[in-house]
Amino acid sequence: MSQVPIHDTPILGMATRPRVSKAIEYGNIANFWVEYPSGLMDLTRSQHLTTDGVEPSLVSSTQLDIPVTGDRTIRVDKSKTAVVIIDMQNFFLHPELRVHKTGLACVDPLLKVIGPLRKQGVKILWVNWGLTDQELKTLPPAVARGFRKGGFGGFGTEMPGNFGRLLMRDARNSELYGPLQQEYLRGEKAGTDVWIHKNRMSGIWGHQTALDLYLKENGITTLLFGGVNADQCVSGTFIDAYFQGYDCVMVEDITATTSPAGGLENVLYNAANSQGFVTNTSNIINASG
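Every chain's residues receive numbers from 1 upward, in the order its sequence appears when written. Whole-chain, interface and lining totals are the exception, using all residues; otherwise, since this is a predicted model, local features are given only for residues with pLDDT of at least 70 and side-chain atom pairs are given and counted only at 80 or more. Excluded from the side-chain calculation are hydrogens and water; included are all heavy atoms of the structure.

Participant: Got a minute to help me understand helix H8 (residues 230-243) in this structure?
Facilitator: Three or four residues apart is the spacing at which side chains of an α-helix point the same way, because the helix has 3.6 residues per turn. Fitting one axis to the seven residues ending at a residue and another to the seven starting there, the bend at that residue is the angle between the two axes. Counting from the N terminus, the helices are DSSP H or I runs at least four residues long and the strands are E runs at least two residues long. The sharpest bend along H8 measures roughly 30 degrees and falls at Gly236. Along H8, the residues classified as buried are Ala230, Cys233, Val234, Ser235, Thr237, Phe238, Asp240 and Ala241. A positive backbone phi angle near 100 degrees is found at Gly245, which sits one or two residues after H8. Between buried and exposed lies partly exposed: a residue is buried under 20% and exposed over 50% of the maximum accessible area for its type, with that area taken using a 1.4 Å probe on protein chains only.

Next comes the structure, spelled out in structure tokens:
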């Protein structure tokens, strides 16, 4: 009977990551998580692991306990948590421009979860394609080619109807889809929502991106992700944020893709077992009271 080498990939064949048998602290003195046998993963960085390994109590005024897949709960600091909603724009969702049934199905749960999170003081970040003419001149060829079909179209070209230039700032196709645009405007007026432009599939692909600057300036460490497409712009941002040390949580029912079967499933599998965590809007709403 063959055995898996002891140094093989930790998530190989893993349906779900097993719980720890004793409390463990990961990271360093300034940036750390603590995982407990109960399934609690404390991401607040508020209390180091004690010698007796006793689990700290929830401080409900400043913290949230959110159930995640794998029979676990993550504890987050409300003031250091943000929702990152990616590319829920007309270009990707509007029925006059494409068929994206699974993306449209994310709109209702997204609208339902935003309100409870705002009340808890969690920032809502709408991270979207929004190019300038100067950026068009500096796009790498691989990025430019990806949005052209058969040599036609591409960033900055005029779209049919009144949708404007493709994924340029302030064009109608770059606005959020349907009720999401008005929801953002309400949040912007209330000071809870922020629009952040990106110029790559990943919103945090390099140093000094608008998203990374905002997160660092506001002391945000935990990110709840959703949007389209799961295995492209969402996962690109998710993985880059993971590489940069953010706590990454994928919200399954507000994340979708047009890719063939397996695209979304692979993203969720790796998010849950390697790069971070997976939850859903019902868990978040229930945790938010």
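Structure's up, so let's keep going.
Participant: Can you walk me through helix H9 (residues 263-275) in this structure?
Facilitator: Considered for burial, the residues of H9 that qualify are Gly263, Val267, Leu268, Ala271, Asn273 and Gln275. Any two residues whose heavy atoms approach within 4.5 Å are treated as being in contact. In this structure, the buried side of H9 is in contact with H8, strand E10 (247-256) and strand E11 (277-279).

Participant: Can you walk me through the state of the cysteines in this structure?
Facilitator: Among covalent bonds in proteins, the disulfide is the one between the sulfur atoms of two cysteines. By disulfide we mean two sulfur atoms from cysteines, separated by a distance within 2.5 Å. Following the criterion strictly, the structure yields zero disulfides and no others. Unpaired in terms of disulfides, Cys106 finds its nearest cysteine sulfur in Cys233, a separation of 14 Å. In this structure Cys106 comes out as buried when scored by relative accessible area, which is 3%.

Participant: What exactly am I supposed to notice about the sheet that holds E11 here?
Facilitator: Sheets are built from strands that pair by backbone hydrogen bonding, the pairs being arranged parallel or antiparallel. What the six strands build is an open sheet, ordered E8-E7-E6-E9-E10-E11; its pairing is parallel. Among the strands making up the open sheet, the edge pair consists of strand E8 (193-198) and E11. For this sheet the average axis-to-axis angle between neighbouring strands, irrespective of direction, equals 25 degrees. Two strands pair under a simple rule: DSSP has to find at least two bridges between them. For strand E6 (residues 81-86) and strand E9 (residues 222-228), the ladder comprises six bridges, and the chain directions are parallel. Axis lines are fitted to C-alpha atoms, over the contacting stretch for helices. Their N-to-C directions set the angle, which ranges from 0 to 180 degrees.

Participant: For this particular structure, what's the right way to read the sheet that holds strand E4 (residues 63-68)?
Facilitator: One open sheet holds the five strands; their spatial order is E1-E2-E3-E5-E4, and the pairing between them is mixed. Looking at the sheet topology across the chains shown, the edges are occupied by strand E1 (24-27) and E4. Strand-to-strand twist across the sheet, computed as the mean angle between neighbouring axes with direction ignored, equals 20 degrees. Sheet topology places strand E2 (residues 32-35) next to strand E3 (residues 40-42); two bridges connect them, and they run antiparallel. In the strand pairing of E3, Glu35 is matched with Met41.

Participant: What is the right way to look at empty space enclosed by the protein in this model?
Facilitator: Unfilled space is identified by rolling a water-sized probe across the atoms. Points on a 1 Å grid over protein atoms alone make up a cavity when a 1.4 Å probe fits among them but cannot get out, and a pocket when they form an open set with protein on both sides within 12 Å along at least five of seven lines; lining residues each have an atom within 4 Å of a point. Grid points are joined across faces, edges and corners, and a volume is the space filled by probe spheres set on the points. Under the definition given, this model contains one cavity of 30 Å³ or more. One number sums up the size of the largest cavity: a volume of about 30 Å³. Lining the largest cavity we find Val83, Val113, Leu117, Leu224, Val251, Ile254, Thr281 and Ile284. Elements that contribute at least two residues to the lining of the largest cavity include exactly helix H3 (107-119), E10 and helix H10 (281-288). For this scheme, ten residues count as nonpolar: Ala, Val, Leu, Ile, Met, Phe, Trp, Tyr, Cys and Pro. Four count as charged, namely Asp, Glu, Lys and Arg, and the remainder, Gly too, count as polar. Taken together, the residues of the lining of the largest cavity sort by class into seven nonpolar, one polar and no charged.

Participant: When you look at the environment of Gly164 in this model, what are you seeing that I'm missing?
Facilitator: By secondary structure assignment, the location of Gly164 is in the loop between helix H5 (141-146) and helix H6 (179-190). Along the chain, Gly164 and Ser174 lie 10 residues apart, while their C-alpha atoms are 8.6 Å from each other. Leaving out residues up to four positions away in the same chain, Gly164 has contacts with Thr157, Glu158, Met159, Ala171 and Asn173.

Participant: Just checking my understanding: could you explain the environment of Ala261 for this structure?
Facilitator: Structurally, Ala261 can be placed in the loop between E10 and H9. Accessibility expressed as a relative area gives 83% for Ala261, which makes it exposed. In sequence terms Ala261 and Ser282 are 21 residues apart; their C-alpha atoms lie 24 Å from each other.

Participant: Got a minute to help me understand the side chain of Asp87 in this structure?
Facilitator: Examined against the element boundaries, Asp87 turns out to sit in the loop between E6 and helix H1 (90-93). Filtering out sequence-adjacent residues up to four positions away, Asp87 remains in contact with Phe92, Val127, Asn128, Trp129, Lys198, Val228 and Cys233.

Participant: Help me understand the packing of H3 against H6 in this model?
Facilitator: When two helices pack together, their arrangement is given by the angle between the helix axes and by the axis-to-axis distance. Interhelical geometry of H3 versus H6 gives an angle of 10 degrees and a closest axis separation of 11 Å. Considering the angle they form, H3 stands roughly parallel to H6. Across the interface between the two elements, Val107, Leu110, Leu111, Ile114 and Arg118 from H3 touch Pro179, Leu180, Glu183 and Gly187 from H6. By residue class, the composition of the contact of H3 with H6 is six nonpolar, one polar and two charged. An angle counts as roughly parallel when it lies under 35 degrees, as roughly antiparallel when it exceeds 145, as roughly perpendicular when it falls between 65 and 115, and as oblique in every other case.

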